[in-house]
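In case you want the letters, here they are:
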Amino acid sequence: MSRYCIIGGGPAGLASLKAMLDAGYDVDCFEMSDTIGGHWNHDYDALHLITSRQVTGFPDLPMPEHWPLFPHRDQMLEYFHLYADTFDLKRHITFNTAVVSVTPISGDGPVGSHGWVVETSDGARREYDGVLVANGHLRDQRIPQIPGTFAGKQIHSGSYKNTGDIEGRRVLVVGSGNSGCDLAVDAAQDHLDTHIVMRRGHFFQPKTFFGKPRSELGWMQEFTFEEQDLIARMMMRVSVGTAADYPGMPEPDHATLADGPPVVNDLLLYWIQHGRITVRPGIERFDGHTVYFVDGTSDDFDTILWATGFHASLPFIDESLLVRQDGVPLRVGGAVVPLDLEKLYLIGMIGARGPQPPIYSIQADLAVRMIAMHEGAGGFLPIAGPLTQLQPHEWRIDILRPLWLDQVEQTKSALAFLASTQGAHV
């Protein structure tokens, strides 16, 4: 009887597990820690959603209506436990068991067509007809290489909890995305002398317009995506002004919201205007506690907080099997299928803008469709190979949601076509 493996008990793993169980498949799910929830167990204390509770839950379990509009990290963790308990998922997860390696079973045909061998930290080796990889892309911390050596304390956003982690009173936050803004605000609100490196300008989006999240302004949906972008920028200009209104802040180097990274934070702007946060340009080098900036200025700091992102790592898969661009595995099939690798499905290796949990359910559904096609063909139907030839190769993690949803719909059509030519079922 066919059996499948899911790697990870975070939100993407839970969505994958439910989809596979709903479809009637036998599944083993391995989680390296002792609980579900993934990075939500370790995120910094100040973290709140930047998308509202109404749109951020899984499609089959809305968040509680009495929760705040933008739930806290602890509430998100509570929600994932509620989801797992509601659908009785935890009993299918083997905790405290890490996946060490995932290797294709040898044989004629494309890589992965005979299934995969999964080795776990307990020494067991198991064969599976397919593997759903849901280890996430927010685990392997990335810190840029900068000349010199910094003598103070350094913490990455993935390890930061609260200002109790900070040594001294002068703090430099490197990175001005959503996490960088949160960390700078956290430090400023604790009366620390806070500076933030901002190498490029952003459009800083408020969480709400007229008291409501932008995604819930019904009248906005009457306009095209491009028109919504323009209207949002006009409303932002009225509500928060421009970069010139905030000392040291660079102008955005892009003309539209779609062309730059999404930054949803107005507290950073508040504290800049109150003198609690100072904007600095890029870093040139370190020398002890002194940081030299590219504009020729320098300053001493006690702690650096790195909000510089993560590597898209798949440590249990031989890198020779993957094709990467800018450090990210190239994928097709709604960013689910790594190039030319059959029966291997990446769930959550995408960050389409907007709420994230619904993405995992959509990707898990695509994986279940492909698995059903393999099963309907008696064990194997070429899918990864044809998709690799037919579709553009996706290199992004951050992608506009409409573009990614178009990829999903194109993939459904491609799967239907492949199934029709082979007599399989989608």
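Model, not experiment: these values are computed from the prediction.

Draft legend 1. Representation of the sheet that holds strand 16 (residues 277-280) within the structure. One open sheet holds the five strands; their spatial order is 9-20-10-11-16, and the pairing between them is parallel. Each edge of the open sheet is held by one strand with a lone partner, namely strand 9 (153-156) and strand 16. Each strand axis lies, on average, 20° off the axis of its neighbour in the sheet, ignoring direction. Judged from the four bridges that link them, strand 10 (residues 170-174) and strand 20 (residues 303-306) form a sheet pairing that is parallel. Pairing of Val174 across the sheet is with Trp306, part of strand 20. Sheet contacts for helix 4 (residues 178-189): strand 10, strand 11 (193-197), strand 16 and strand 20; angle to strand 11, the most-contacted strand, approximately 165°.

Draft legend 2. Fine view of the nonpolar core. With 93 residues, the main nonpolar core has Met20, Leu268, Ile277 and Ile347 as its most contacted residues. Every residue in contact with Ile277, bar those within four places of it in the chain, is listed here: Ala184, Val185, Ala188, Thr194, Ile196, Leu268, Trp271 and Ile272. If you look at the next biggest cluster of nonpolar residues, it comprises 21 residues, including Ile7, Phe30, Tyr128 and Leu314.

Draft legend 3. The arrangement of helix 9 (residues 401-422) in detail. Between its terminal C-alpha atoms helix 9 stretches 32 Å, which fits the 32 Å expected from 22 residues at 1.5 Å a residue. Buried within helix 9 we find Arg401, Trp404, Gln407, Val408, Thr411, Ala414, Leu415, Leu418 and Ala419. Taken end-on, helix 9 shows its buried residues confined to a sector of 140°, consistent with a single buried face. Turned more than 90 degrees away from the buried face of helix 9, the exposed residues are Phe417 and Ser420. Of the surrounding elements, those touching the buried residues of helix 9 are strand 27 (351-352), helix 7 (357-376), helix 8 (384-390) and strand 28 (398-399).

Draft legend 4. Region of the structure containing the pattern of salt bridges. Counted according to the given criterion, the structure contains 22 salt bridges. Salt-bridge contacts for Arg280 lead to Asp299; the nearest nitrogen and oxygen are separated by 2.9 Å. You can see Arg280 sitting in strand 16 and its partner Asp299 sitting in strand 19 (residues 298-300), a full 19 residues away along the chain. For Glu394, the salt bridge identified is with Arg396, shortest N-O distance 2.7 Å. One connected set of salt bridges, linked through shared partners, spans Asp45, Arg73, Asp74 and Lys161.

Draft legend 5. The pairing of strand 1 (residues 3-7), seen in detail. The buried fraction of strand 1 amounts to four of the five residues, a majority that puts the element mostly inside the structure. Considered for its hand, the β-α-β crossover made up of strand 1, helix 1 (residues 11-22) and strand 2 (residues 26-30) is right-handed. For strand 1 and strand 7 (residues 130-133), the ladder comprises four bridges, and the chain directions are parallel. Residue Tyr4 lies in a different strand from strand 7, and its bridge partner there is Gly130.

Rules behind the numbers
Each chain has its residues counted from 1, following the order in which its sequence is written. Since the coordinates come from a predicted model, pLDDT governs what is reported: local features require at least 70, and pairs of side-chain atoms require 80 or more to be given and counted, while whole-chain, interface and lining totals use all residues. Side-chain measures here rest on the full set of heavy atoms in the structure, leaving out hydrogens and waters. A pair of strands is treated as paired once DSSP finds two or more bridges between them. Comment: elements are numbered from the N terminus, with helices defined as DSSP H or I runs of at least four residues and strands as E runs of at least two. Throughout, an axis means a line fitted to C-alpha atoms (over the contacting stretch in the case of helices), and angles, computed between N-to-C directions, take values from 0 to 180 degrees. Whether two residues touch is decided by their heavy atoms; if any such pair falls within 4.5 Å, the residues are in contact. Side-chain atoms within 4.5 Å link the members of a nonpolar core, which is a set of buried Ala, Val, Leu, Ile, Met, Phe, Trp, Tyr and Cys residues. Throughout this description, buried means an accessible area under 20% of the type-specific maximum (1.4 Å probe, protein chains only), exposed means over 50%, and partly exposed covers the range between. Given the number of residues in a helix, its expected span is that number minus one, multiplied by 1.5 Å. Each direction from the helix axis to a C-beta atom contributes to the arc, which is the arc of those directions. Salt-bridge detection follows one rule: a side-chain nitrogen of Lys or Arg within 4 Å of a carboxyl oxygen of Asp or Glu. Crossover handedness is defined by viewing with both strands directed away from the observer: a clockwise path from the first strand over the helix to the second marks the crossover as right-handed.

Read these as layout, nothing more, since geometry by itself doesn't imply function.
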